[in-house]
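In case you want the letters, here they are:
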Amino acid sequence: MERVQQNPADIPQGGSPDNVAIADELLSRLGDIGDLPLEDRAAAYAQLHDELRTHLEGGDSELRP
């Protein structure tokens, strides 16, 4: 599975270091999900989706590894 790599030029100027770190973690986890057995991927994508939605909606919960 090809890994998604973030181009530093794609990071908006003035983005907070916390948001950049979260984006990096999400991209890393997204690549890791592709390495899971097929039957485990849907649950992993759903968990990642829920965590991203919570973060984007302003929740204070941290992303789980």
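Residues numbered from 1 in each chain as written. Predicted model: local features only at pLDDT ≥ 70, side-chain atom pairs only at ≥ 80, totals over all residues. Heavy atoms only, no water.

Asker: Could you clarify how one ought to interpret the packing of helix H1 (residues 17-33) against helix H2 (residues 38-56) in this entry?
Answerer: For any two helices packed against each other, the geometry comes down to the angle between their axes and how far apart the axes lie. Relative to each other, H1 and H2 sit at 170 degrees, their axes nearing to 10 Å. Between H1 and H2, the crossing angle belongs to the class labelled roughly antiparallel. Across from Asn19, Ile22, Leu26, Arg29, Leu30 and Ile33 in H1, the residues of H2 making contact are Arg41, Ala44, Tyr45, Gln47, Leu48, Glu51, Leu52 and His55. Looking at side-chain class alone, the contact of H1 with H2 contains eight nonpolar, three polar and three charged residues. (Axes fitted to C-alpha atoms, helices over the stretch in contact; angles between N-to-C directions. Helix = DSSP H or I, 4+ residues; strand = E, 2+ residues; numbered from the N terminus. Parallel < 35°, antiparallel > 145°, perpendicular 65-115°, else oblique. Contact = heavy atoms within 4.5 Å. Nonpolar A, V, L, I, M, F, W, Y, C, P; charged D, E, K, R; others polar.)

Asker: Looking at this structure, how should I read the nonpolar core?
Answerer: Proteins that are soluble and globular tend to have nonpolar side chains buried together. The biggest cluster of nonpolar side chains holds five residues, and these are Ile22, Leu26, Ile33, Ala44 and Leu48. Elements that contribute at least two residues to this core include exactly H1 and H2. It is H1 that provides the largest number of residues to this core, a total of three residues. Ignoring anything within four residues of it in the chain, the contact list for leucine 48 reads Leu26, Arg29, Leu30 and Ile33. (Core = buried A, V, L, I, M, F, W, Y, C linked by side-chain atoms within 4.5 Å. Buried < 20%, exposed > 50% of the residue type's maximum accessible area, 1.4 Å probe, protein only.)

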